[in-house]
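Spelled out, the chains give:
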Amino acid sequence: VQLQASGGGLVQAGGSLRLSCAASGRTFSRYGMGWFRQAPGKEREFVAAISWSGGSTNYADSVKGRFTISRDNAKNTVYLQMNKLKAEDTAVYYCAADLGERASTYYWDYEHWGQGTLVTVSS
């Protein structure tokens, strides 16, 4: 599967953005999907994940209550709604696909990665 992330941009602190990740291939619904991010000078970190059915989700503590992950299997797309953005959310955000169909929080579970989309939050 190939992944294309979009929706990043510049937003003021307290604002919102919605990231999208469009997947190619007819087996999208069999993949667990995740979002990760990497800020300059920092390691990649887990943000959110959703199981193949959408019935299970996981979030990093730093984004709980502010970010929501969802998916539309008919459109082969996973979303990350980001509200109440903070300067520390600034990073390149990557979507990833996991054949394990789970909502994994571990980057090594993900076989396919998108190219990333930059989110910049100004304070």
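Criteria and thresholds
Residues numbered from 1 in each chain as written. Predicted model: local features only at pLDDT ≥ 70, side-chain atom pairs only at ≥ 80, totals over all residues. Heavy atoms only, no water. Salt bridge = Lys/Arg side-chain N within 4 Å of Asp/Glu carboxyl O. Helix = DSSP H or I, 4+ residues; strand = E, 2+ residues; numbered from the N terminus. Buried < 20%, exposed > 50% of the residue type's maximum accessible area, 1.4 Å probe, protein only. Pairing = 2+ DSSP bridges. Axes fitted to C-alpha atoms, helices over the stretch in contact; angles between N-to-C directions. Contact = heavy atoms within 4.5 Å. Polar contact = N/O pair within 3.5 Å; in protein donor to acceptor, adjacent residues only side chain to side chain. Disulfide = S-S within 2.5 Å. Core = buried A, V, L, I, M, F, W, Y, C linked by side-chain atoms within 4.5 Å.

Pairing is possible between side chains that carry opposite charge, provided their charged atoms lie close to one another. One pass over the structure, following the stated rule, counts seven salt bridges. Put simply, Glu101 and Arg30 hold a salt bridge, and the shortest N to O gap is 2.9 Å. Here Glu101, found in the loop between β9 (91-98) and β10 (112-113), pairs with Arg30, found in the loop between β3 (17-23) and β4 (32-38); they are 71 residues apart in sequence, far enough to count as distant. Owing to a relative accessible area of 24%, Glu101 belongs among the partly exposed residues under this scheme. Ionic pairing is found between Lys64 and Asp61, a salt bridge with its closest N-O pair at 3.2 Å.

Moving on to the sheet that holds strand β8 (residues 77-82). Judged by pairing direction, the sheet is antiparallel, and its four strands sit side by side in the order β1-β3-β8-β7 without closing on themselves. Looking at which strands have only one partner, the edges of the open sheet turn out to be β1 (3-6) and β7 (67-72). Across this sheet, the average inter-strand angle for adjacent strands is 15°, counted without regard to direction.

With respect to the secondary-structure elements, Arg102 resides in the loop between β9 and β10. Sequence-wise, Arg102 and Phe36 are 66 residues apart; in three dimensions their C-alpha atoms are separated by 15 Å. Beyond its immediate chain neighbours, meaning those up to four positions away, Arg102 contacts Gly32, Met33, Ile50, Ser51 and Asp109. At 2.7 Å, the side chain of Arg102 and the side chain of Asp98 are in polar contact.

Counted according to the given criterion, the structure contains one disulfide. Note on cysteine connectivity: Cys21 is disulfide-linked to Cys95, with sulfurs 2.1 Å apart. With the S-S bond torsion at 60°, the cross-link from Cys21 to Cys95 turns out right-handed. Residue Cys21 is located in strand β3, and its partner Cys95 is located in strand β9; the two are separated by 74 residues in the primary sequence. Looking at Cys21, the relative accessible area reads 0%, which means it is buried. Owing to a relative accessible area of 0%, Cys95 belongs among the buried residues under this scheme.

What follows covers unusual backbone geometry. The backbone of Asn76 sits at a positive phi, close to 55°, despite the residue not being glycine. Along the chain, the position of Asn76 falls in the loop between β7 and β8. The class for Asn76 is buried, based on a relative accessible area of 19%. Of note, the phi angle at Glu101 is positive, near 65°, even though the residue is not glycine.

So, on to the side chain of Asp98. Mapping Asp98 onto the fold places it in strand β9. Apart from the residues lying within four places of it in its own chain, the contact partners of Asp98 are Arg30, Tyr31, Gly32, Ser104, Asp109, Tyr110 and Glu111.

With that settled, the discussion passes to the nonpolar core. Met33, Trp35, Leu80, Met82 and Tyr93 are the most contacted members of the largest nonpolar core, which has 35 residues in total. Contributions of two or more residues to this core are made by β1, β3, β4, β5 (45-50), β7, β8, β9 and β11 (117-122). In contact with Leu80, other than residues within four places in its own chain, are Leu17, Arg18, Leu19, Trp35, Val47, Ala48, Phe67, Thr68, Ile69 and Tyr93.

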